[in-house]
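Residues per chain, in single letters:
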Number of protein chains: 2
Amino acid sequence: MSNVRRIGPSSENTRSAILDLVRSSGTVSRIELAEMSGLTATSITRIVKSLIDDRLVIETGFGDSTGGKRRSLLEINPQARYAVGISLEDTRLTYVVTDVGGNVVGQLVSPGIGQSAPSTEILRIADELQQVFQQLDIPTEDIVGVGVAGAGLDLGAGAERLSLTADEWDSFAVQEALESLISLPVVRDNDAACAALGQFWVGRIPATQDFATLYMSRGFGLGLMIGGSVNRGASSNIGEIGHMVVDIDGPDCWCGSNGCLEMLAAPRAIIARAMAEPGLADDLGLGGDDGRLRADYDAIARAAVRGDERCVALIERSARYVAAAMLSAVNLLDLDRIYLAGPGFADAGAIYVRAIRDAVTRLARTRTIHGVTVELSDPGLETSAVGAATLALQHVLTPHTRAERASARGEIPVRV
Amino acid sequence: MSNVRRIGPSSENTRSAILDLVRSSGTVSRIELAEMSGLTATSITRIVKSLIDDRLVIETGFGDSTGGKRRSLLEINPQARYAVGISLEDTRLTYVVTDVGGNVVGQLVSPGIGQSAPSTEILRIADELQQVFQQLDIPTEDIVGVGVAGAGLDLGAGAERLSLTADEWDSFAVQEALESLISLPVVRDNDAACAALGQFWVGRIPATQDFATLYMSRGFGLGLMIGGSVNRGASSNIGEIGHMVVDIDGPDCWCGSNGCLEMLAAPRAIIARAMAEPGLADDLGLGGDDGRLRADYDAIARAAVRGDERCVALIERSARYVAAAMLSAVNLLDLDRIYLAGPGFADAGAIYVRAIRDAVTRLARTRTIHGVTVELSDPGLETSAVGAATLALQHVLTPHTRAERASARGEIPVRV
């Protein structure tokens, strides 16, 4: 029965949807909730009471009178619950604790996973989580869970092929291993999906507004939010935009194909060109080896922002490929809103924004029908960690589809 | 309030979902419906009774006993309702009448729209619809509506920019104009979306199984079925795969971009190469002008199927670009099922199937996790017309989201 979607009206779904409306509205009255949801005033009163009893929603003053008694306004109680998000990377681990409003209330950065094997790293992560908890001045019981973000493929049944240097991560069940060490539910998703969810939550985007988040780290990923959920595809591996073919006669890619976006536009390709540029490696102190990838890329990106013309040309070359891929995605999916997130856009994000904006404004098939907004993501550098925390919050507080609940249990989700 | 999704449990949605389960199951018992839907036996009994009263579902014998009384089996009553689908093209108009089972019970083919203006053509279409109705031996009141499929952009508010030769079609409200001439609801969508919906309905695909249909006519379109609905994007213009950039340094496209799939792989590009091949135009009797596009392309495709090596090379060249675009779509959207539909695949479809199958089997990022099925679409040549008819059936019989109802009224739909 796992491939069958349950369609019965679920009170859990309804409650989730109301909480989500309060979250995206800022402040809202019961009458407005009834109008927006199509539910009766009686149902809204009952659901709001349960959310207030649960401290998730608070009454926060009064709105305009409508003739009768004044309408009390509701809003999310940010301090009602907290979650931890972890971003797993070769070069560093980022832990953030966010409240229900998406505000970061705690943070820890530690060395990346590098060449280490999962059996030792997972113990370190559990230790560092304890450190994070101890620093916080909040009741432990208000922490609802831990979300983990990392690049890689979802292999199903809880395992994933993480894009980390040591081979042992190839089919390691991060979620399961971490859950056995800490007494909290653990959920995981890829970094692009987490970044999209972080934007959704922190940016108070309503569930009716779909968008895509392009995530750039060592490679690229595209997170797609459709109807307030991360769209997942047949095996939760949606968004592999790094392997979109942008140059059919282009260079071979490690994936077996050729002319992939990643081979032409990712940090490694940019650094390889920089190393071939006479004098540039010395000027910027580039290492050129894989262990220095993040540092080298950041140096090039910062030099481009300072106006070093050689580096501007390198980043603009990358941005041209990224813009072509995003134009293809806009045409294919009729997108009207794109965010850029991840360390790849930390310094030179503005150059990428300009290139993508130019391409979709001039060239998208729908350009006469609607604009396409292109912006850097709100949560900034820590976007995938913040997104991982909101993944845990959404998982527990607004599990509005059976698919999401199944996914949170580590099953291959039913598509909705 | 138009951007707000109603989330209240709707009895109409539930009834639609149950009818859809019966449709995709073939035969099914009430107990199985309860298991699949998560609804109570009492609810199922009540909903099934309303469907039987409405003649949409019939009892059709008995399944295995489960100890108590034998379970009566249900199935769709194909003859309960009918709809007409129209495929609008430059070179011909195709009308089909299908029953609820997707069976074609009537058909009419007439000359294409060519250079004619909509004001005269729409009167001819209304006339031809009357001819179609008169040939049928079914009660008029059982015809629920008319669906129209055509290539082009949805401009919103009922108008569309149809890809037809005469400029007057640029912002003509086909749906509204036709509705004013006949006494039936008219719905419309692009040909790729209709082809996907036709496959869904005729192929008895369950709503839980997502897939994409690549449609090839003068250009390309990709119809995406997600959760039993056509996915529409920000402005109902999803699926413009013909303007995916597959060669970033490729030739200029009329859309303003360059290296688009359409410029490299569509019939016009294939014919241009054929005309440049010494002797081939004479051998095949090619005209080379735009009015002969369909005939020329069909001649080349048929020669390729007969083994003419020059034509095999031309089609394989096109198929290589199509395969790269579909590999990109598979990676971007994590697809596991692709159908090919439309006149472009009528003769040489097998060559395209082979090229796409080879690319996604060897190269998709998810190849170790799940296979990707690539097949020619069931409804064959008339797939977009059949799909347009099922669009009208779905619109009336299983309007399972508010978005679809809004869309059917010609509003810009809320995304779900």
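Not measured: the values here are computed from a predicted model.

Procedures and definitions
- Residues numbered from 1 in each chain as written.
- Chains lettered and ligands numbered in written order.
- Predicted model: local features only at pLDDT ≥ 70, side-chain atom pairs only at ≥ 80, totals over all residues.
- Helix = DSSP H or I, 4+ residues; strand = E, 2+ residues; numbered from the N terminus.
- Rg over C-alpha atoms; globule rule 2.2 N^0.38 Å.
- Buried ≥ 20, exposed ≤ 12 C-beta atoms within 10 Å, placed from the backbone.
- Contact = placed C-beta atoms within 7 Å.
- Axes fitted to C-alpha atoms, helices over the stretch in contact; angles between N-to-C directions.
- Parallel < 35°, antiparallel > 145°, perpendicular 65-115°, else oblique.
- Nonpolar A, V, L, I, M, F, W, Y, C, P; charged D, E, K, R; others polar.
- Least-squares fit on C-alpha atoms with pLDDT ≥ 70 in both.
- Left-handed = near helix turned anticlockwise from the far one by under 90°.
- Pairing = 2+ DSSP bridges.
- Domains from an automatic or database assignment.
- Arc of directions from axis to C-beta.
- Core = buried A, V, L, I, M, F, W, Y, C linked by C-beta atoms within 7 Å.
- pLDDT = per-residue confidence, 0-100.
- Expected span 1.5 Å × (residues − 1).

Visitor: Can you help me understand the overall build of chain A in this one?
Guide: Regarding its fold elements, chain A presents 14 helices and 15 strands. Expected size for 416 residues packed as a compact globule is a radius of gyration near 22 Å; at 22 Å, chain A falls within 12% of this value. With respect to the principal axes defined by its C-alpha atoms, chain A has extents near 75 × 55 × 45 Å. Counting every position in chain A, which comprises 416 residues, the buried fraction comes to 53%. For chain A, restricting intrachain contacts to residue pairs at least 6 apart in sequence, the fraction spanning at least 24 positions comes to 62%.

Visitor: I keep staring at the packing of helix α6 (residues 191–202) of chain B against helix α13 (residues 383–397) of chain B and nothing clicks. Help me out?
Guide: For any two helices packed against each other, the geometry comes down to the angle between their axes and how far apart the axes lie. Residue and element names in this part refer to chain B. With their axes 7 Å apart at the nearest point, α6 and α13 run at an angle of 75° to one another. In terms of orientation, α6 and α13 fall into the roughly perpendicular class. When α6 is examined against α13, the residues Asp191, Cys194, Ala195, Ala196, Leu197, Gly198, Trp201 and Val202 are found in contact with a partner set consisting of Thr383, Ser384, Val386, Gly387, Ala388, Thr390, Leu391 and Gln394. In the contact of α6 with α13, the residues fall into nine nonpolar, six polar and one charged.

Visitor: Sorry, what's going on with the interface of chain B and chain A here?
Guide: Many structure descriptions define interface size as the accessible area lost when the parts assemble. Of the residues lining the interface, 61 residues belong to chain B; the matching set on chain A comes to 61 residues. Counting only elements with at least two residues in the side of chain B that touches chain A, the list comes to α1 (11–25), α2 (30–37), β8 (152–156), β12 (220–226), α11 (309–333) and α12 (349–363) of chain B. By residue number, the principal contributor to the side of chain B that touches chain A is α11 of chain B, which donates eight residues. Within the side of chain B that touches chain A, the residues separate by chemical class into 31 nonpolar, 19 polar and 11 charged.

Visitor: Explain the relation of the copies chain B and chain A here, please?
Guide: When chain B is fitted to chain A, the best match, at an RMSD of 0.0 Å, comes from turning it 180° and sliding it 0.0 Å along the axis. Expressed as a symmetry operation, the mapping of one chain copy onto the other fits a two-fold axis.

Visitor: So what exactly am I meant to see when it comes to the packing of helix α8 (residues 267–276) of chain B against helix α10 (residues 293–306) of chain B here?
Guide: All names here are of chain B. Two elements in contact, α8 and α10, have axes whose closest approach is 10 Å; the angle formed by their N-to-C orientations is 70°. Judged by the inter-axis angle, α8 sits roughly perpendicular to α10. Every pair of crossing elements has a handedness; the one defined by α8 and α10 is left-handed. Taken together, the residues of α10 that come into contact with α8 (itself represented by Pro267, Arg268, Ile270, Ile271 and Ala274) are Leu293, Asp296, Tyr297 and Ile300.

Visitor: Looking at this structure, how should I read the pairing of β12 of chain B?
Guide: Along any regular strand the residues' side chains alternate between the sheet's two faces. Residues and elements named next belong to chain B. Across the seven residues that make up β12, a large majority, seven, are buried. Burial along β12 is two-sided: Phe220, Leu222, Leu224 and Ile226 facing one way and Gly221, Gly223 and Met225 facing the other are all buried. With six bridges connecting them, strand β11 (residues 211–216) and β12 associate as antiparallel partners. Bridge assignment links Met216 to a residue of β12, and that residue is Phe220. In textbook terms, the turn of a hairpin is the stretch between consecutive antiparallel strands, and for β11 and β12 this stretch comprises three residues. A loop of two residues connects β12 with strand β13 (residues 229–230), the two strands running antiparallel in sequence, and Gly227 in this loop sits at a positive phi of about 60°.

Visitor: Sorry if this is basic, but what is going on with the sheet that holds strand β7 (residues 143–150) of chain B here?
Guide: Paired through backbone hydrogen bonds, the strands of a sheet run either parallel or antiparallel to each other. Residues and elements named next belong to chain B. Taken together, five strands build an open sheet; the order of strands is β6-β5-β4-β7-β10 and the sheet is mixed. Sheet topology places β6 (104–111) and β10 (186–190) at the edges, where each strand pairs with a single neighbour. Across the sheet, the mean angle from the axis of one strand to that of its neighbour is 20°, orientation sign disregarded. Across six bridges, strand β4 (residues 82–88) lies against β7 in parallel orientation. Residue Ala83 lies in a different strand from β7, and its bridge partner there is Gly145. Running at roughly 105° to β10, α6 makes contact with β4, β7 and β10 of the sheet.

Visitor: How should the domain arrangement of chain A be read in this particular structure?
Guide: Residue and element names in this part refer to chain A. Under the domain assignment, chain A is made up of domain 1 (11–76), domain 2 (80–201 + 383–408) and domain 3 (204–377). Inter-centroid distance (C-alpha atoms) of domain 1 to domain 2 is 30 Å. Each side of the interface is counted separately: domain 1 has nine residues, and domain 2 has seven residues. Considering every element that reaches the side of domain 1 that touches domain 2, the biggest residue donor is helix α1 (residues 11–25), with six residues. Across the side of domain 1 that touches domain 2, the residue classes tally to four nonpolar, two polar and three charged.

Visitor: Would you mind going over unusual backbone geometry with me for this structure?
Guide: Across residues other than glycine, the phi torsion is negative in most instances, and most of the peptide bonds are trans. Residues and elements named next belong to chain A. The phi dihedral of Arg204 falls on the positive side, at around 50°, and the residue is not glycine. One can find Arg204 in the loop between α6 (191–202) and β11 (211–216). The exposure class assigned to Arg204 is partly exposed, which follows from the 15 C-beta atoms found within 10 Å.

Visitor: Got a minute to help me understand the sheet that holds strand β7 (residues 143–150) of chain A in this structure?
Guide: Residue and element names in this part refer to chain A. One open sheet holds the five strands; their spatial order is β6-β5-β4-β7-β10, and the pairing between them is mixed. The open sheet has two free edges, formed respectively by β6 (104–111) and β10 (186–190), since each of these has just one partner strand. Adjacent strand axes in the sheet meet at a mean angle of 20°, parallel and antiparallel pairs treated alike. Pairing between strand β5 (residues 92–99) and β6: seven bridges, direction antiparallel. Within the sheet, the bridge partner assigned to Thr94 lies in β6 and is Val109.

Visitor: How should the environment of Gly85 of chain B be read in this particular structure?
Guide: Residue position: Gly85 of chain B is located in strand β4. Gly85 of chain B sits 305 residues away from Thr390 of chain B along the chain, and the two C-alpha atoms are 7.5 Å apart.

Visitor: Even after reading the chapter, I still don't get helix α8 (residues 267–276) of chain A, so can you show me in this structure?
Guide: Because each turn of an α-helix spans 3.6 residues, side chains separated by three or four positions end up pointing in the same direction. All names here are of chain A. Where α8 is concerned, the buried positions are Pro267, Ile270, Ile271 and Ala274. Looking down the long axis of α8, one finds its buried residues gathered within 95° of arc, a one-sided arrangement. The outward face of α8, more than 90 degrees from its buried face, is lined by the exposed residues Ala272 and Ala276. Contacts from the buried residues of α8 go to α9 (280–284), α10 (293–306) and α11 (309–333).

Visitor: Would you take a moment to explain the nonpolar core for this structure?
Guide: Nonpolar side chains in soluble globular proteins tend to be buried together. Counting residues in hydrophobic clusters, the biggest one holds 246 residues, and the most contacted among them are Ile300 and Met326 of chain A together with Met326 of chain B. Once you skip the residues sitting within four places of it in the chain, Met326 of chain A turns out to touch Leu214, Ile338, Ile356, Ala359 and Val360 of chain A.

Visitor: What am I meant to see in the confidence of the model for chain A here?
Guide: Residue and element names in this part refer to chain A. Scored by pLDDT, chain A has a mean of 87; 91% of the residues are at 70 or more. Model confidence for chain A, summarised as mean pLDDT per element, is weakest for helix α14 (residues 402–408) at 39 and strongest for helix α7 (residues 261–265) at 98. This stretch, residues 1–9, has a pLDDT under 50; its non-local contacts, to residues over four places away or in other chains, come to 22 contacts. Overall, residues 401–416 carries pLDDT values under 50, and its contacts beyond four positions in sequence, including any with other chains, amount to 41 contacts.

Visitor: Which parts of the structure should I look at to understand the environment of Met275 of chain B?
Guide: Residues and elements named next belong to chain B. Of note, Met275 is situated in helix α8. As for Met275 and Leu286, which are separated by 11 residues in sequence, their C-alpha atoms are 7.7 Å apart. In contact with Met275, not counting residues within four places along its chain, are Ala281, Leu286 and Gly288.

Visitor: In this structure, what is going on with helix α4 (residues 118–135) of chain B? I would like to understand it.
Guide: All names here are of chain B. If you check α4, its first and last C-alpha atoms are 25 Å apart, about what 18 residues at 1.5 Å a residue would give, namely 26 Å. Taken together, the buried positions of α4 are occupied by Pro118, Glu121, Ile125 and Leu129. Looking straight down α4, one finds its buried side chains confined to an arc of 85°; they lie on one side. Across from the buried face of α4, at angles greater than 90 degrees, the exposed residues are Ser119, Thr120, Leu123, Asp127, Gln130, Gln131 and Gln134.

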